[in-house]
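For reference, the chains in residue letters:
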Amino acid sequence: MIRNITKQFGDSKANDNVHLTVRSGEVHALLGENGAGKSTLMNILYGLYKPTGGQIVYRGEEVVIDSPMKALSLGIGMVHQHFMLIPAFKTWENIILGTEGDGKLKVDVRIVRERILTIARQYSLQIDPDARISTLSVGLQQQVEIAKALYRGAELLILDEPTGVLTPPEKAKLFETLRSYANSGHSVIFISHKLDEVMEISDRVTVLRGGKNVATENTADMDKQKLARLMVGRNVDFGVQKDSFAGETSQVLSVHNLVVPGNRLVSSLKGVSFTIRAGEIVGIAGVDGNGQAELAEALTGLRHVEQGEVLLGGQNIKNISPRRVIDTGVALIPEDRKSVGTVKNYTIDQNIILRREKAPSASRHGMLAYKRITRRTDEMIKEYDIRYTGRYLPVSALSGGNLQKVILAREISANCRLLIAMHPTRGLDVGAIEFVHAKLLQAREKGTALLLISSELEEILALADRVFVMCDGRFAGELTQRNITMENIGMLMGGETLAAQKEGEADA
Ligand SMILES: Nc1ncnc2c1ncn2[C@@H]1O[C@H](COP(=O)(O)OP(=O)(O)OP(=O)(O)O)[C@@H](O)[C@H]1O
Ligand SMILES: [Mg+2]
């Protein structure tokens, strides 16, 4: 139980007298807008932050949790969004790392392996103790993280946005594990912005807003709309309205037979061709890791192109430097918001002008114009509803969703000819997703060509005028306005061909 927890950063309270009671045997969802204080509260419970006030009562006793070590010794485990595994090590080595290293005894690998397999069987985790981490998919790595916490005897497991990067089958597997874990009398705190998931997996749900408690309810008494209203304090529109694409505009991007080498274990591009017109949104659907990241990198000069052609408004931009790609009018919302999207030690202002220092909103006569930058940043903060505790703190102090908003503000407002948006709404709350979708459609109205790469089918369905399904470095098929459906995308993703296409082939 968490009682009256307050956490102050400077003058603002990230948690303001928050309470939370988690029962044994339950999955408890923690919901709230970006910046509501969810991660902060969990970091306090896991001993990463020291609360400014309040108490934690665990199994009837007041405890002070001043380090993750202490949390683990009490039976509290946490799986972070960014995994902390060592890629070159084997699974079992990662799992025991830090537990048996007191130098006294040699580790008995046989016993360790047996214990890991017992845990894996008990909670239906998919674990091969001898597999090297670098060979595992993100979903399997997450299973190792969970096994690691359980190996240490965790009875309360905290998961902060665990499903953002999982494929649908990986997510189903995770939920199975969480269920059997809770059923054996343990507890789970589950943070997610995906309300369907919260409805599916949780027994109870606590909602925070502005660092304060809003409500704790039985999930069975809730629905998506009610949860959304508790979170953002207003009704949320889950669908978007858009006009159909006229199709008569000029071609902005033309990609022909693109071949790109991949990293050792990631698939590369094996010859993809497509075009995007002004005011058109082309969606790339598919399970992550099938070449989508390589495509975005290749188009923006971040990855070498081996073969093929990339033309922007007729001009060759293949293998030119990222800086020149930007100067020719391309904006990128990257997958990795921490290392590619932002500089973590920079302030919001510095990140808002990043790579666009020469724009009139940032400079005058070739010099940085600080007044303009401040004014511009103020506008962006207001428009994108970026919430922070300190205006001039490094962006590493922002919540996950608010960091993403900084990137979105910079790239969408750049008014480029081509905007490449990779998972643009990952980690955003329902209200922010609604807003960003509207902004992307606005860019489309203005004639920007958009490449939308997303693993969220709903997002693709809502926004795209045309869809390519990507599979193993190739396009498995193209869908146009009349046949973009969830079902058709799913079929192409599963390696099937479409009924209509088959008929067409038969006619020919
Ligand atoms: N180390 C820090 N220094 C200063 N402020 C911080 C720090 N960590 C978090 N904050 C602030 O505390 C507030 C709550 O952030 P928190 O990360 O808990 O939000 P969240 O609910 O997890 O949001 P999201 O859904 O975006 O992940 C934010 O305004 C954030 O900027
Ligand atoms: Mg968070």
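Since the structure is predicted, the reported quantities are computational estimates derived from the model, not experimental observations. (Residues numbered from 1 in each chain as written. Chains lettered and ligands numbered in written order. Predicted model: local features only at pLDDT ≥ 70, side-chain atom pairs only at ≥ 80, totals over all residues.)

K.L.:
Explain the site of ligand 1 to me, please; I cannot follow it from the model alone.
P.N.:
Every one of the 20 residues lining ligand 1 counts as a neighbour, but Ala-14, Ser-39, Thr-40, Ser-399 and Gly-401 are closest to it. Residues that form the shell around ligand 1 fall into these classes: seven nonpolar, 11 polar and two charged. (Near = placed C-beta within 6 Å. Nonpolar A, V, L, I, M, F, W, Y, C, P; charged D, E, K, R; others polar.)

K.L.:
What am I meant to see in helix H15 (residues 430-445) here?
P.N.:
Owing to its 3.6 residues per turn, the α-helix aligns residues three or four sequence positions apart on the same side. Between the first and last C-alpha of H15 there are 23 Å, a value that for 16 residues agrees with the 22 Å anticipated at 1.5 Å per step. Restricting attention to buried positions, one finds in H15 the residues Val-430, Ala-432, Ile-433, Val-436, His-437, Leu-440, Ala-443 and Arg-444. Relative to the axis of H15, the buried residues are bounded by an arc of 150 degrees and lie together on one face. Opposite the buried face of H15, by more than 90 degrees, sit the exposed residues Gln-442 and Glu-445. Positive phi appears at Gly-447, one or two residues downstream of H15, with a value of about 100 degrees. (Helix = DSSP H or I, 4+ residues; strand = E, 2+ residues; numbered from the N terminus. Expected span 1.5 Å × (residues − 1). Buried ≥ 20, exposed ≤ 12 C-beta atoms within 10 Å, placed from the backbone. Arc of directions from axis to C-beta.)

K.L.:
Would you mind going over the sheet that holds strand E7 (residues 156-160) with me for this structure?
P.N.:
Taken together, six strands build an open sheet; the order of strands is E6-E7-E8-E3-E9-E10 and the sheet is mixed. Every interior strand has two partners, whereas the edge strands, strand E6 (76-79) and strand E10 (212-218), have only one. With strand direction ignored, the average angle separating the axes of adjacent strands in the sheet is 20 degrees. Bridging between E6 and E7 involves four bridges; their strand directions are parallel. Of the residues in E7, the one forming a bridge with Ile-76 is Leu-156. Running at roughly 30 degrees to strand E9 (residues 204-209), helix H8 (residues 224-232) makes contact with strand E3 (27-32), E9 and E10 of the sheet. (Pairing = 2+ DSSP bridges. Axes fitted to C-alpha atoms, helices over the stretch in contact; angles between N-to-C directions. Contact = placed C-beta atoms within 7 Å.)

K.L.:
I'm lost on the nonpolar core in this one. Help?
P.N.:
Here is a general trend for soluble globular proteins: nonpolar side chains tend to be buried in one another's company. Membership of the largest hydrophobic core comes to 135 residues, with the highest contact counts inside it found for Leu-45, Ala-147, Ile-420, Ala-421, Leu-450, Leu-452 and Val-469. Shared between two domains, this core holds at least three residues of each, these being domain 1 (2-232) and domain 2 (251-338 + 415-507). (Core = buried A, V, L, I, M, F, W, Y, C linked by C-beta atoms within 7 Å. Domains from an automatic or database assignment.)

K.L.:
Help me understand the sheet that holds strand E4 (residues 53-58) in this model?
P.N.:
Whenever strands of a sheet pair, they do so through backbone hydrogen bonds, lying parallel or antiparallel. Read from one edge of the open sheet, four strands run E2-E1-E4-E5, paired in antiparallel fashion. Both outer strands of the open sheet, strand E2 (12-20) and strand E5 (61-63), are each paired with one neighbouring strand and no more. For this sheet, the mean angle separating the axes of adjacent strands, direction not counted, is 35 degrees. In terms of strand pairing, strand E1 (residues 2-9) meets E2 through five bridges, oriented antiparallel. When the sheet's bridge partners are listed, Ile-2 is paired in E2 with Leu-20. Lying over the sheet, helix H1 (residues 38-45) contacts E1, E2 and E4, oriented at roughly 115 degrees with respect to E1.

K.L.:
Is there a simple way to explain helix H14 (residues 400-412) in this structure?
P.N.:
The end-to-end C-alpha distance of H14, which contains 13 residues, comes to 18 Å, matching closely the 18 Å that a straight helix rising 1.5 Å per residue would cover. Of all 13 residues making up H14, 13 are buried, and the element is well covered by its neighbours.

K.L.:
Sorry, what's going on with the domain arrangement of the protein here?
P.N.:
By convention, interface size is frequently given as the accessible area that disappears when the constituent parts associate. Here the protein is partitioned into domain 1 (2-232) and domain 2 (251-338 + 415-507). For domain 1 versus domain 2, the separation of C-alpha centres amounts to 33 Å. Facing the 12 residues of domain 1 at the interface are 10 residues of domain 2. When residues in the side of domain 1 that touches domain 2 are grouped by element, the largest group, three residues, is from H8.

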